[in-house]
Amino acid sequence: MAESPAGLTSQNWNPTQDQQQPTATPEQLIAKSIAPVKPQFLRPPTSRTSQNDTTSSTVSDSNNDISKSNNTNTTSVVAKEKKSKRQLKRERQQEKKSSVNLCPELAKTGDANSCPYKNNCRFNHDLEAFKAQKPEDLVGECPFVNGEGSCCPYGLACRFYGTHKVHDGVRNGKKQISEINGLNKDVQKLLWKNKMKFLKADSVLKSLGLTGPGKSKVKKVNEEEVEKVVHDNDSHGTNENGCGDGGSESAGKSDCAAEVLVGGDVDGALTDEVRPLKKAKSAVEVNGCSGEEVNGSGIPEKDIENNCPLETEPELVADKLEVIADSVETDGSLKLHPREKKLIDFRGKLYLAPLTTVGNLPFRRVCKALGADVTCGEMAMCTNLLQGQASEWALLRRHSSEDLFGVQICGAYPDTVTRTVELIDQECTVDFIDINMGCPIDIVVNKGAGSSLLTKPMRMKSIIEATSGTVEKPITVKVRTGYFEGKNRIDSLIVDIGKWGASAVTIHGRTRQQRYSKLADWDYIYQCARKAPDSLQVLGNGDVFSYVDWNNHKSDCPELSSCMIARGALIKPWIFTEIKEQRHWDISSGERLNILKDYVRSGLEHWGSDTKGVETTRHFLLEWLSYTCRYVPVGLLDVIPQRLNWRPPSYYGRDDLETLMASDSAADWVRISEMLLGKVPDAFTFAPKHKSNAYDRAENG
């Protein structure tokens, strides 16, 4: 049975039965949650025999049509052989040696002798083989080349190489940095070895009674153990955690899989581990050594040994750290009063929600240009950040255009979250830190994080108190109304959340069990906002899809500081413009295509203009297009504004491009991507992430 194109409220929608009929009135259609499209634009629904047609696409070389193999009745699933981490790492190394992965230094200069690693380089040095397999250049200009004399950092590997300017016979250059919050290699090395020192976090955890036997991995060791562990670490060298060089910061596409790994049980007891480790590590931690960023090849261990005094003078530094820790712990004047913290006024500001997968940096740049005031990075797992995973740290990156920016983290235990908050405060430039206590994803909840914390109020208290006492930046919290349907509980905790130290709380008007199967309960959000103390700002979240929705929520509950906009921004990112200008924008297909062009250009700047960067940009563009197809143009509706739970019927647009953008077929999304990024590779496939398992579990409502 086919899934609703919007994938919102009804899971049993059959287009052959519930399809809009010309004789149906707009009121009847709205009652069925079907968008009331004007009859002259309607067309017969597309017949499909398999749901896979709407969620996956295999594009051929000649006509880019969907593979017909999905239309057969063969439902057998071939089990893939599970490979070990060592085997996966070996395959990645072999892939880097292939002709498609040219040495970056060679690509920049065109000179084989320019690579400092020579024969030991992990990448390919066969320039002719690379040129032979390189796809044709894309139409357009390189995003790194402008009138200010800047040059492309990808050189020969750039898919716009023909547009590069020649400077003294060499086509290369220096990338202009417009992004911050990158992972310092020195810090990454320390995180890999579990040698990072968290003085503030440990002091606050100790003062709150959240450390001690059985509650933390940090244990006291004598001097002999210190020397022994340091020696063992030196002999082992860099650990093999699968992150390799960590050079690629592509969100969701890196050598190191961003797995959710949270130590400990989920019954409410604190874990024995700060973060999971592949093998036994030292319990000794050292303070992070600051240093300049280096290339992706990493830093020799001897350099870190020279920069980190603990390994050369363990007794002296250990005594000094102990004195500092004691002073932080005993001096009450160092503790910040909540009124001394820097606060952010969210009132009336347009807040783009942190959106997994699609809410990446290029998408946030598009929303900023269209009127968003506050942006927040994608949810990052605390354990992965503490392990130094480059793919997870990429979620914290910030563009210079994001003037009010926060990051969102998710963890199950106070020690893990608090140390992560201190680390982010030291290494990143952010305006606030948001803690996710409402994520409904199974793999997160089963580890005791996300929505699972709603069933453990004392754990919530420990996390908020410890994090707010560790950093000066505002700590905000995002929650759902409750865990189980019909059992809302945030109203009983809203006063306590303010007392625990949170500056703001965002309430998503659904329970974890509901997922997105029902409309958001804004009456309950209003109830919580009226109960909240004056020091706690309350933001609502759920189903905001027009300036009318925004106005109604603000007028119905003046105590509400603002509304967070999530899926509404995914479907039509110009919602921020509509709210600020108080109008329904009947945007044309050409204007929508220009927005996609801006996204692609930002994506190439973020992920790179080489082949890997182009395909990464295409992947995230397709993920976004799987949402934008739900938009129905204002000029085609009998009733405006469109509501988020309306399912678009099959309709014709006012021009061919608008019709193409309205398609819920992955093959049509691929065609749009080819208009912007050129032809897809051979045997290209795509399946949108959000349609994987959102509604297939009974326990999810």
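Residues numbered from 1 in each chain as written. Predicted model: local features only at pLDDT ≥ 70, side-chain atom pairs only at ≥ 80, totals over all residues. Heavy atoms only, no water.

Going by what an unreviewed UniProt entry lists, the protein is known as tRNA-dihydrouridine(47) synthase [NAD(P)(+)] and is assigned to Populus alba. Comment text from UniProt for the protein, heading Sequence similarities (unreviewed entry), reads "Belongs to the dus family. Dus3 subfamily." Under the UniProt heading Cofactor (unreviewed entry), the entry covering the protein gives this text: "FMN". (UniProt positions renumbered as here; feature names shortened; annotations may be inferred.)

In total, this model carries 11 aromatic pairs according to the counting rule given. Aromatic pair Phe346 and Tyr351: ring centres 5.7 Å apart, planes at 5°, arrangement stacked. Judged on exposure class, the residue Phe346 and its partner Tyr351 are both buried. Ring centres of Tyr351 and Phe432 lie 6.1 Å apart, and the angle between their planes is 80°; on these two criteria the pair is classed as edge-to-face. Placement of the pair is Tyr351 in strand β3 (residues 351–352) and Phe432 in strand β8 (residues 432–437), with a sequence separation of 81 residues. What makes Phe432 buried here is its relative accessible area of 0%. Every member of this aromatic cluster is reached through a ring pair, and the members are Phe346, Tyr351 and Phe432. (Phe/Tyr/Trp six-rings, centres within 6.5 Å; stacked < 30°, edge-to-face > 60°. Buried < 20%, exposed > 50% of the residue type's maximum accessible area, 1.4 Å probe, protein only. Helix = DSSP H or I, 4+ residues; strand = E, 2+ residues; numbered from the N terminus.)

Glancing now at the state of the cysteines. Disulfides are covalent bonds that link the sulfur atoms of two cysteine residues. A complete count under the given rule lists zero disulfides for this structure. Summary of cysteine pairing: Cys410 is not part of a disulfide, and the nearest cysteine sulfur, belonging to Cys439, is at 5.7 Å. Left unpaired, Cys563 is separated from the closest cysteine sulfur, that of Cys557, by 9.3 Å. A relative accessible area of 0% means that Cys563 is categorised as buried. (Disulfide = S-S within 2.5 Å.)

On to the UniProt feature "domain: C3H1-type" (unreviewed entry) in the protein, then. In this numbering, the UniProt entry assigns the feature "domain: C3H1-type" (unreviewed entry) to residues 97–128. Structurally, residues 97–128 is divided into 25% helix and 0% strand, and its ends, taken at the C-alpha atoms, are 14 Å apart.

With that settled, the discussion passes to helix α18 (residues 490–500). Those residues of α18 that sit buried are Ile490, Asp491, Leu493, Ile494, Ile497, Gly498 and Trp500. End-on, the buried residues of α18 take up no more than an arc of 150°, which puts them together on one face. Summarising the contacts, the buried residues of α18 are in contact with α17 (457–468), β9 (475–480), β10 (504–508), α19 (522–531) and β11 (537–541). Phi for Gly501, located one or two positions after α18, is positive at around 125°. (Arc of directions from axis to C-beta. Contact = heavy atoms within 4.5 Å.)

What follows deals with the pairing of β10. Counting buried positions along β10 gives five out of five residues, so the element sits mostly inside the fold. In β10, alternate side chains face the same way, and those of Ala504, Thr506 and His508 on one face and Val505 and Ile507 on the other are all buried. With five bridges connecting them, β9 and β10 associate as parallel partners. Bridging across to β10, Lys478 finds its partner in Thr506. Running through α18, the crossover from β9 to the neighbouring parallel element β10 is right-handed. Of the pairings in the sheet, the one linking β10 to β11 comprises five bridges and is parallel in character. By the bridge assignment for β11, Val505 is matched with Val538. (Pairing = 2+ DSSP bridges. Right-handed = clockwise from strand over helix to strand, strands pointing away.)

Here we come to the side chain of Lys572. On the secondary structure map, Lys572 appears in the loop between α21 (567–571) and α22 (575–581). Of the residues examined, Lys572 reaches a relative accessible area of 6% and is grouped as buried.

Across the protein, pLDDT averages 78, with 69% of residues at or above 70. For residues 1–21, every residue scores under 50 in pLDDT, and the model assigns this stretch 54 contacts once sequence neighbours within four places are set aside. Note on residues 692–701: pLDDT is under 50 here. Beyond four places in sequence and across chains, it has 17 contacts. (pLDDT = per-residue confidence, 0-100.)

Let's shift gears to the pattern of salt bridges. By the definition in use, this model includes 23 salt bridges. Two residues, Glu179 and Arg397, come together in a salt bridge whose shortest N-O distance is 3.0 Å. Highlighted residues: Glu179 in strand β2 (residues 179–180) and Arg397 in the loop between α14 (390–393) and β6 (398–399), separated in sequence by 218 residues. In this structure, Glu179 and Arg397 share a single accessibility class: buried. Notably, a salt bridge pairs Glu578 with Lys572, separated by 2.8 Å at the nearest N-O pair. As far as burial versus exposure is concerned, Glu578 and Lys572 are alike and both buried. (Salt bridge = Lys/Arg side-chain N within 4 Å of Asp/Glu carboxyl O.)

Following both chains from N to C, one finds helix α23 (residues 589–607) and helix α26 (residues 666–677) inclined at 65°, their axes separated by 10 Å at the closest point. Two packed elements cross with a definite hand, and for α23 against α26 that hand is right-handed. Touching Leu593, Leu596, Lys597, Val600 and Leu604 of α23 are Ile672, Met675, Leu676 and Leu677, all from α26. (Axes fitted to C-alpha atoms, helices over the stretch in contact; angles between N-to-C directions. Left-handed = near helix turned anticlockwise from the far one by under 90°.)

For the rest of this paragraph, the subject is the packing of helix α24 (residues 611–628) against α26. Packed helix pairs are characterised by how far apart their axes lie and by the angle those axes make with each other. Orientation of α24 relative to α26, taken along the N-to-C sense of each, is 140°, at an axis distance of 10 Å. Classed by the angle they form, the pair α24 and α26 counts as oblique. As for how α24 packs across α26, the hand of that crossing is right-handed. Facing α24, whose interface residues are Val614, Thr617, Arg618, Leu621, Leu622, Leu625 and Ser626, α26 presents Trp669, Val670, Ile672, Ser673, Glu674, Leu676 and Leu677. Looking at side-chain class alone, the contact of α24 with α26 contains nine nonpolar, three polar and two charged residues. (Parallel < 35°, antiparallel > 145°, perpendicular 65-115°, else oblique. Nonpolar A, V, L, I, M, F, W, Y, C, P; charged D, E, K, R; others polar.)

The residue Leu570 is located in helix α21 in this model. On the basis of relative accessibility, which here comes to 4%, the residue Leu570 falls in the buried class. For the pair Leu570 and Glu623, spaced 53 residues apart in sequence, the C-alpha to C-alpha distance is 10.0 Å. Residue contacts for Leu570: discarding those within four places in its chain leaves Leu355, Val358, Phe363, Trp624, Tyr627 and Thr628.

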